[in-house]
Amino acid sequence: QVQLVESGGGLVQAGGSMRLSCVASGRTISSYGMGWFRQGPGKEREFVAAISGWAGDNRYSADSLKDRFTISRDNAKNTVYLQMNSLKPEDTAVYYCAARLSEAPSSWNNEYNYWGQGTQVAVSS
């Protein structure tokens, strides 16, 4: 079993940056594909970014976010990150980390096996 704990959320002004962390425990996630999703107020959960297992050579973000959001991983720390730049009020959401047993990344939330509890990000205008 894998437990995922997100951190790094909070309140930031528009235009600012924030880095979210997702620390895994219970099992090493080096081989796991990892993803970030978010759910804004009154919205459905949506894909943010994903990264392949091992070296993380295959990574991508949602088209609308790719210029501002970047996913990375540090297997030595069993941790995945989401760097968010030039934040906008519409980025306000709960951000979730997810892990899948396959090493391939995925933008589909139903392909992930483990989920964290989420961390709140609020962007003020």
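Above this text you will find the structure in question.
Report on the accompanying structure. (Residues numbered from 1 in each chain as written. Predicted model: local features only at pLDDT ≥ 70, side-chain atom pairs only at ≥ 80, totals over all residues. Heavy atoms only, no water.)

Some details on the overall build of the protein chain
Along the protein chain, the regular secondary structure elements total zero helices and 11 strands. Counting from the amino terminus, the protein chain carries its helices and strands in the arrangement β-β-β-β-β-β-β-β-β-β-β. Computed over its C-alpha atoms, the radius of gyration of the protein chain comes to 13 Å, within 12% of the 14 Å expected for a compact globule of 125 residues. For the protein chain, the C-alpha atoms occupy an extent of roughly 40 × 25 × 25 Å along the three principal directions. Out of the 125 residues belonging to the protein chain, those deemed buried represent 47%. Here the contacts in the protein chain between residues at least 6 apart in sequence split such that 59% fall between residues at least 24 apart. Of the roughly 6200 Å² of accessible surface on the protein chain, a fraction of 45% belongs to carbon and sulfur atoms. Counting 12 positive and 11 negative side-chain charges, the protein chain places the centres of these two groups 4 Å from one another. (Helix = DSSP H or I, 4+ residues; strand = E, 2+ residues; numbered from the N terminus. Rg over C-alpha atoms; globule rule 2.2 N^0.38 Å. Buried < 20%, exposed > 50% of the residue type's maximum accessible area, 1.4 Å probe, protein only. Contact = heavy atoms within 4.5 Å. Areas by Shrake-Rupley, 256 points an atom, 1.4 Å probe, with all protein chains shown as cover. Lys, Arg positive; Asp, Glu negative; His and termini not counted. Charge placed at Lys NZ, Arg CZ, Asp CG, Glu CD.)

Regarding the environment of Gln 117
Here Gln 117 shows up in the loop between β10 (114-115) and β11 (119-124). Along the chain, Gln 117 and Gln 3 lie 114 residues apart, while their C-alpha atoms are 9.5 Å from each other. In this structure Gln 117 touches Leu 4, Glu 6 and Tyr 96, once residues within four positions along its chain are discounted.

Some words on the packing of aromatic side chains
The tally for this structure, following the rule as stated, stands at five aromatic pairs. Here the aromatic rings of Phe 37 and Phe 47 are separated by 5.7 Å at their centres, their planes lie at 70 degrees, and the arrangement is edge-to-face. In this pair, Phe 37 sits in strand β4 (residues 33-39) while Phe 47 sits in strand β5 (residues 46-51), placing the two residues 10 residues apart along the sequence. Its relative accessible area of 1% is what places Phe 37 among the buried residues. Aromatic side chains Phe 47 and Tyr 60 sit 5.7 Å apart centroid to centroid with 45 degrees between the ring planes, which places their arrangement in the tilted category. Within this pair, whereas Phe 47 is found in strand β5, its partner Tyr 60 is found in strand β6 (residues 59-61), the two being separated by 13 residues in sequence. Relative accessible area serves as the criterion here: at 15%, Phe 47 is assigned to the buried category. (Phe/Tyr/Trp six-rings, centres within 6.5 Å; stacked < 30°, edge-to-face > 60°.)

A look at the state of the cysteines
Counted according to the given criterion, the structure contains one disulfide. A sulfur-sulfur separation of 2.1 Å characterises the disulfide bridge that pairs Cys 22 with Cys 97. In this structure the cystine formed by Cys 22 and Cys 97 twists about its S-S bond by roughly -75 degrees; its chirality is therefore left-handed. Of this pair, Cys 22 sits in strand β3 (residues 18-25) while Cys 97 sits in strand β9 (residues 93-100), placing them 75 residues apart in sequence. Both residues of the pair, Cys 22 and Cys 97, count as buried. (Disulfide = S-S within 2.5 Å.)

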